[in-house]
Amino acid sequence: MNENMQKILDKIKEYDKILIFRHFRPDGDAVGSTRGLQAILRLTYPEKKIYLQNADFSEYLSFYGDEDELLPDEEYADALGICMDTATGKRLSNQKYSLCKELIKFDHHIPVEDYGDIQWVEEHRSSCCEMVAAFYAAFQDELKIDKQAATYIYTGMVTDSGRFRFREVSGETMRLAGLMLDQGVDTDTLYAHLYMREFESFKFEAFVHEHMRITPAGVATVYISQETQAAFGLSGEEASSCVSYMDSIKGSLIWLAFIENADGSIRVRLRSRFITVSELAERYSGGGHACAAGATVYSEEEMERLIAEADTLLKNYKENNDGWL
Ligand code: AMP
């Protein structure tokens, strides 16, 4: 057991008020880990005040229902803050996190920045939810869980691991997922929520397949302008899902989606097999995991530069490695 797990449990016991934070534009793991930990702590310590304090929500996971309102600033001063699934302080959706008396960083991203009084970071974990499940497993005699809490946690384990496909998935991941399923997770309903899509989104997928391009070395790219988003009636978040439509092209070990934001900047989603793209993302105001990273570019020229760098990266990789697909 990581020594920080015990320190975190001790801190949780010490405080009457615990505020839980996550990164902006929350995905299944950010929502699942924060809601999952909150649910475990509320079941175990009904006398404590335990709130999620985040400035934005996930439309995609809206089936989980509303979250806590933001509290007035003075409520933060005597609270323990737990910041989940977030590598850097500036990516937290609620910048009031820093008003908390003490902070815990609870994360599975490459640690590009230290923040918090206690930092529990395990970058080999396939999701932050896997860490929540490990935390629960380590203190099972003391912590309580129920079907709803396990469903939140299982959601993040499933979504962040690409449905248990990515290389970070280990035997431990599956054992912990099993522990969550043992609580009665309704997988039929959960997967229906995760997979069901509006009719129009299939039309958008067809558009992406029509408009994607491929560089000489095999980097697949697509650019989704504000105009395209309006034409399909998509939110930026919905448009961003297009990165997954390019994930299975043979020989295309890097694929990039560029989504124009309302302010003209361009969100970049970088994905890869075998090759590390997080360093490329870091050169363009971003970061993330080895094979799933994000960045921002501010012009079409910068976008073309990033694509050219990705092309060189892929070319070099193919020249120097065997066994890729
Ligand atoms: P996304 O494409 O937004 O899903 O991002 C993939 C991964 O990279 C996620 O784990 C994000 O938390 C991380 N990420 C995305 N954008 C950034 C950024 N600007 N800085 C650091 N990490 C990022």
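Details of the structure are given in the entry above.
Residues numbered from 1 in each chain as written. Predicted model: local features only at pLDDT ≥ 70, side-chain atom pairs only at ≥ 80, totals over all residues. Heavy atoms only, no water.

Draft legend 1. The arrangement of the overall build of the protein in detail. Along its length, the protein carries 11 helices and 11 strands. Dimensions along the principal axes, computed over C-alpha positions, put the protein at roughly 60 × 40 × 40 Å. Per-residue burial over the protein gives 51% buried out of 325 residues. Considering only contacts in the protein between residues 6 or more positions apart, those separated by 24 or more positions represent 64%. Of the roughly 15,100 Å² of accessible surface on the protein, 49% is carried by carbon and sulfur atoms. (Helix = DSSP H or I, 4+ residues; strand = E, 2+ residues; numbered from the N terminus. Buried < 20%, exposed > 50% of the residue type's maximum accessible area, 1.4 Å probe, protein only. Contact = heavy atoms within 4.5 Å. Areas by Shrake-Rupley, 256 points an atom, 1.4 Å probe, with all protein chains shown as cover.)

Draft legend 2. Fine view of the nonpolar core. In terms of nonpolar packing, the biggest core is built from 49 residues, with Ile12, Ile18, Ile82, Phe106, Phe135, Ile153 and Met180 touching the most fellow members. Here this core gets eight residues from one element, more than from any other, and that element is helix H3 (residues 128–138). Sequence-distant contacts of Ile153, defined by excluding residues within four places in its chain, comprise Gly32, Gly36, Ile40, Cys129, Val132, Ala133, Ile145 and Met180. (Core = buried A, V, L, I, M, F, W, Y, C linked by side-chain atoms within 4.5 Å.)

Draft legend 3. Summary view of the sheet that holds strand E3 (residues 80–84). Strand order in this open sheet of five strands is E2-E1-E3-E4-E5, and the pairing throughout is parallel. Edge positions in the sheet fall to strand E2 (49–52) and strand E5 (118–121), since each of these pairs with one other strand and no more. Between one strand axis and the next, the sheet turns through 15° on average, direction left out of account. Across five bridges, the pairing between strand E1 (residues 17–22) and E3 is parallel. Pairing of Arg22 across the sheet is with Met84, part of E3. Strands in contact with helix H1 (residues 3–14) are E1, E3, strand E4 (102–107) and E5; relative to E5, the strand with the most contacts, it is inclined by about 130°. (Pairing = 2+ DSSP bridges. Axes fitted to C-alpha atoms, helices over the stretch in contact; angles between N-to-C directions.)

Draft legend 4. Quick look at helix H2 (residues 28–44). With 17 residues, H2 ought to run about 24 Å at 1.5 Å a step, and its terminal C-alpha atoms sit 23 Å apart, in line with that. Across the 17 residues of H2, 15 count as buried, placing the element largely inside the fold. (Expected span 1.5 Å × (residues − 1).)

Draft legend 5. How the structure looks around the pairing of E2. What you see with E2 is a clean split: Ile50 and Leu52 sit on the buried side and Lys49 and Tyr51 on the side with no burial. Pairing analysis gives four bridges linking E1 to E2, with the strands arranged parallel. Considered in E2, the bridge of Ile20 is made with Leu52. The parallel pair E1 and E2, bridged by H2, forms a crossover whose chirality is right-handed. (Right-handed = clockwise from strand over helix to strand, strands pointing away.)

Draft legend 6. Representation of the site of the ligand within the structure. The environment of the ligand is formed by 13 residues, the closest being Arg91, His109, Arg267, Arg269 and Arg271. Protein chains shield 84% of the accessible area of the ligand, which is 480 Å² for the free molecule. Of all elements in the fold, only strand E9 (266–272), strand E10 (287–288) and strand E11 (292–297) reach the threshold of two or more residues within the shell around the ligand. Taken together, the residues of the shell around the ligand break down into two nonpolar, seven polar and four charged. (Near = heavy atom within 4 Å. Nonpolar A, V, L, I, M, F, W, Y, C, P; charged D, E, K, R; others polar.)

Draft legend 7. Geometry of the environment of Asp182. In this fold, Asp182 is placed in the loop between helix H5 (171–181) and helix H6 (187–195). Under the relative-accessibility criterion, Asp182 is labelled exposed at 63%. With 32 residues separating them in the primary sequence, Asp182 and Ala150 have C-alpha atoms 8.7 Å apart.

Draft legend 8. Here's a closer look at helix H11 (residues 300–320). For H11, spanning 21 residues, the distance from its first C-alpha to its last is 30 Å, which sits close to the expected 30 Å at 1.5 Å a residue. Of all the residues in H11, the buried ones are Glu302, Met303, Leu306, Ile307, Ala310, Asp311, Leu314 and Tyr317. Where the residues of H11 are buried, they touch strand E6 (213–214), strand E7 (220–224), strand E8 (254–260), E9, helix H10 (278–282) and E11.

Draft legend 9. Region of the structure containing unusual backbone geometry. Located in the positive-phi region is Asp85, a residue other than glycine, with phi close to 60°. Mapped onto the fold, Asp85 is located in the loop between E3 and E4. Residue Asp85 is classed as buried on the basis of its relative accessible area, which comes to 1%.

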